[in-house]
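One-letter residues, chain by chain:
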Amino acid sequence: GRGFDLVAERAPLGRNVQVTLCAAVAAMGFARGLPAVRFEQDPTVERYLRDALDTLPPRAVVLGTGDHRTLGFPYLQRALGLRRDVLFVDPRLLPMPHYRARIERRLGRPFPFPQTRSIPTVPVAETMLATGRPLFLTNVFTSSIPRALPVYPEGVLLRVLPRGERPPPPDQVL
């Protein structure tokens, strides 16, 4: 708007020309933004989330990060009623007392480390595995879990096993 005011002051244009110029700039902005809007409305993320939920065994725990996961899994579970037995956990949110308390209630056990700003991801994973529930990663948000615990691909996720267990051979994974 300020740019249009400066142009109008320096080069007096008729009202119709100013309106036409504003409309042309708005149309160009709309045209440039349309691909981004189409991308955001694409059902790919929802398909990924549904596929992830569909392939999980009962009572699985899923660790993952990213807004599309942190908000997407709860949306599918709470709003659409899909796979409420699955527990999604964003480890970056565990330092928040209310989030941590909710996850501890769902797991049925507290985390064995003090509340801090840093997240000891391997102890978090081991606490979840100790419940007997299958554990999965949506993404490798830290290299410490795959370095410390056996991990292998299963569907669109990564299965995490307790220390000492071996992943199945590739032909069984397929």
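Above: the structure in question.
Just so it is clear, the structure is predicted and the values come from calculations on it, not from any experiment.

What counts, and where the lines are drawn
Residues numbered from 1 in each chain as written. Predicted model: local features only at pLDDT ≥ 70, side-chain atom pairs only at ≥ 80, totals over all residues. Heavy atoms only, no water. Helix = DSSP H or I, 4+ residues; strand = E, 2+ residues; numbered from the N terminus. Expected span 1.5 Å × (residues − 1). Buried < 20%, exposed > 50% of the residue type's maximum accessible area, 1.4 Å probe, protein only. Contact = heavy atoms within 4.5 Å. Pairing = 2+ DSSP bridges. Polar contact = N/O pair within 3.5 Å; in protein donor to acceptor, adjacent residues only side chain to side chain. Axes fitted to C-alpha atoms, helices over the stretch in contact; angles between N-to-C directions. Parallel < 35°, antiparallel > 145°, perpendicular 65-115°, else oblique. Left-handed = near helix turned anticlockwise from the far one by under 90°. Nonpolar A, V, L, I, M, F, W, Y, C, P; charged D, E, K, R; others polar. Arc of directions from axis to C-beta.

A. Structural context of helix H4 (residues 67-79). Between its terminal C-alpha atoms H4 stretches 17 Å, which fits the 18 Å expected from 13 residues at 1.5 Å a residue. Buried within H4 are the following residues: Arg69, Thr70, Gly72, Phe73, Pro74, Leu76 and Gln77. Taken together, the buried residues of H4 touch helix H3 (44-55) and strand S2 (87-89). Backbone geometry just after H4 places glycine 81 at a positive phi near 75 degrees.

B. Spatial organisation of the pairing of strand S4 (residues 151-154). Relative to strand S5 (residues 157-160), S4 is paired through four bridges, and the arrangement is antiparallel. Looking at S5, one finds that tyrosine 152 is bridged to arginine 159. Taking the residues that link successive antiparallel strands as the turn, the S4-S5 hairpin has two residues, and the phi of glycine 155 there is positive, at about 65 degrees.

C. Region of the structure containing the side chain of glutamine 77. Turning to its location among the elements, glutamine 77 is positioned in helix H4. In terms of polar contacts, glutamine 77 uses its side chain to reach the backbone carbonyl oxygen of arginine 83, at 2.8 Å. In this structure, glutamine 77 is in contact with Leu53, Leu82, Arg83, Arg84 and Val86, ignoring residues within four places of it in sequence.

D. Geometry of the packing of H3 against H4. At a minimum axis distance of 10 Å, the contact between H3 and H4 shows a crossing angle of 65 degrees. Overall, the two elements H3 and H4 adopt an arrangement that is roughly perpendicular. Handedness of the crossing formed by H3 with H4: right-handed. Every residue of H4 that contacts H3 at Val45, Glu46, Tyr48, Leu49, Arg50, Ala52 and Leu53 is listed here: His68, Arg69, Gly72, Phe73, Leu76 and Gln77. Looking at the contact of H3 with H4 residue by residue, the class counts come to seven nonpolar, three polar and three charged.

E. Geometry of helix H5 (residues 97-107). Every buried residue of H5 is listed here: Tyr99, Arg100, Ile103, Glu104 and Leu107. Projected down its long axis, H5 shows its buried positions confined to an angular sector of 130 degrees, all on one face. Among the exposed residues of H5, those pointing more than 90 degrees away from its buried face are Pro97, His98 and Arg105. Buried residues along H5 sit against strand S1 (61-63), S2 and helix H6 (121-130).

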